[in-house]
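Residue-level structure breakdown
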Amino acid sequence: GKKDFKTINPGAVGGMPSTDSIDPEDLDVAKQISDLCTFIYQYGSDRQKTRAMLCHIYHHALHDRFLEARDLLLMSHLQETIPVAGDISTMILFNRMMVTIGLAAFRLGKIW
C-alpha cells in the first residue's frame, strides 16, 4: 500500500530503521576500526594507508588509550613524513590527531 513518509524513512525498505537487534555488549568498535585499518594497510594506496593510520591513532586517543595511540604514532614514523607530504587535508588530520593525543595524555595525567 501507500507509505506515509512522514513517519517512515523512505530509504529503509523494511520500514523504520531500528537498533533494537544490536546488542551493545557485542559491538566492539575498536576491533572494527582495527580490522578496517588492517584491510587498508594491506590494499590501500600510500595516501590511504597514511590517513587510515592517522584515524586509527586518533580513535585510540579519543577513547583515552594514550599508550596505544603513542605507540602507533612512534612505530609509524608519521611525524617525519607528514610535513613533507604536501597534502593539506592529511596535514590537518595529522594536527587533529596530535592535539587529541595531547588531550588524552592530559586527561590521564601523563603531562609532567
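Attention here is on the structure that accompanies the text. Keep in mind the model is a prediction, meaning the values are calculated, not measured.

Moving on, we get to the pattern of salt bridges. This model, assessed by the stated rule, comprises four salt bridges. Of the charged contacts, one joins Asp-35 and Lys-31 as a salt bridge, the two residues approaching to 2.9 Å between their closest N and O atoms. Placement of the pair is Asp-35 and Lys-31 together in helix 1 (residues 29-43), with a separation of four residues, close to one helical turn. Overall, the relative accessible area of 47% leaves Lys-31 in the partly exposed class. As a salt-bridge pair, Arg-70 and Asp-71 come within 3.0 Å of each other at their nearest N and O atoms.

Below, the discussion takes up the state of the cysteines. Counted under the stated rule, the structure contains zero disulfides. Counting only cysteine sulfurs, Cys-55 is the nearest neighbor of Cys-37, a cysteine outside any disulfide, at a range of 6.9 Å. Under the relative-accessibility criterion, Cys-37 is labelled buried at 6%.

About the thresholds
- Residues numbered from 1 in each chain as written.
- Predicted model: local features only at pLDDT ≥ 70, side-chain atom pairs only at ≥ 80, totals over all residues.
- Heavy atoms only, no water.
- Salt bridge = Lys/Arg side-chain N within 4 Å of Asp/Glu carboxyl O.
- Helix = DSSP H or I, 4+ residues; strand = E, 2+ residues; numbered from the N terminus.
- Buried < 20%, exposed > 50% of the residue type's maximum accessible area, 1.4 Å probe, protein only.
- Disulfide = S-S within 2.5 Å.

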